[in-house]
Amino acid sequence: MSNTTSTTEPVIGGNAGAAAPTPDVTGATTGGRASGRDGGNRPTRRRRASWGVMSTREKVLRYVLLVVVLFITIGPFLWQLSTSLKGTGEDIYTANPSFIPTQPTFGNYLRVGEAIPVFGYIGNSLVVAAIDVLGNILFATLAGFALARLQWRFRKAVLGLFLATLVLPGEATIISQFVTVKDLGLADSLVGVALPGMIAALNVLLMFNAFRQIPEEIDQAAVMDGANAMQRLRYISLPAVQGTIAVIAIFSFIGAWDDFLWPLIVLQSPDKLTLTVGLQYLQGTFATDQRMIAAGTMIAFIPIAVIFAVLQRFFFKGVEEGGVKG
């Protein structure tokens, strides 16, 4: 009586021997097991998760939400632009106003220039904005580099003070700022308007975060080569944070250009007013003519749009630099 034992061994490229059961994606085998069957008669359908694939319903919902957000954010601007281009013969107070001007004209912009010295106000605003932008780029860069790359006493305490100032509203310190500017003899001057905004705590923290993303090994190698702090800042750190510097420049320009309360407090001479303060003469003199007010608003918006259009690629690069890197 022969006792034979059936063994199954893998055969490469051949059919000899019994092949091992092939497991499917659920862990069940295809050889005789009924776990993948419903009652042993029909196969069950297993739903595979599709990662990164949106259904048609999700796509429609996403685009609907985008259109709603776009309408809320861009709608008022487009309506203001439409109002600024409407002629005097169009009724802008009708119950069913037309979005597209039927009598488009640039006469409202010319009337703004005749009513107020708009180019003088633009020049004053550009001076203030330029001082703030240069001041923030210089001082925020130096402060952020010192906090992120240098070792010195009370560094963490100073960083905590910068963080603490973010919770203070600007109105809480506006009286002390005015007293300081007045004591310095800078009241009713463009330098006095620009002085408090020459460095912002948020910009310092942005530069601190950008410098912190640079690997420390690079600094250590530069120190071993004999580089001092300024050389490391100039040749190693600054080329790596150009995007963040662009973000600071945009934020500083917009903040200085749109500021209304501080210039209103500091300035008294009509020829030194900034654009945001000077445009209030339109609302007082031409309160019933919303076309001129809309035209003045568009004039104030144009420089911001130009600055952002020029620096937008650096802006998005700076946003990526400020993100958390894994």
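This is a predicted model, so every value here is computed, not measured.

A.B. asks: Where do I start with the environment of Asp 219 in this structure?
C.D. replies: In this structure, Asp 219 sits in helix H8 (residues 216-224). Residues within four places of Asp 219 in sequence aside, it is in contact with Arg 149, Arg 232 and Ile 236.

A.B. asks: Is there a simple way to think about the packing of aromatic side chains in this case?
C.D. replies: The description of an aromatic ring pair rests on the distance of the ring centres and on the angle between the ring planes. For the structure shown, the criterion picks out five aromatic pairs. Taken together, a centroid distance of 5.6 Å and an interplanar angle of 15 degrees make the contact between Phe 253 and Trp 257 stacked. Residue Phe 253 and its partner Trp 257 are both found in helix H10 (residues 242-258); the two are separated by four residues, about one turn of the helix. For Phe 253, a relative accessible area of 8% corresponds to the buried category. Relative accessible area serves as the criterion here: at 1%, Trp 257 is assigned to the buried category.

A.B. asks: For this particular structure, what's the right way to read unusual backbone geometry?
C.D. replies: Located in the positive-phi region is Phe 154, a residue other than glycine, with phi close to 65 degrees. Residue placement: Phe 154 occurs in the loop between helix H3 (118-149) and helix H4 (155-165). In the Ramachandran plot, Asp 188 falls in the positive-phi region, its phi being about 60 degrees despite a non-glycine side chain. With respect to the helices and strands, Asp 188 occurs in the loop between helix H5 (174-183) and helix H6 (190-194).

Reading the values: rules and limits
- Residues numbered from 1 in each chain as written.
- Predicted model: local features only at pLDDT ≥ 70, side-chain atom pairs only at ≥ 80, totals over all residues.
- Heavy atoms only, no water.
- Helix = DSSP H or I, 4+ residues; strand = E, 2+ residues; numbered from the N terminus.
- Contact = heavy atoms within 4.5 Å.
- Phe/Tyr/Trp six-rings, centres within 6.5 Å; stacked < 30°, edge-to-face > 60°.
- Buried < 20%, exposed > 50% of the residue type's maximum accessible area, 1.4 Å probe, protein only.

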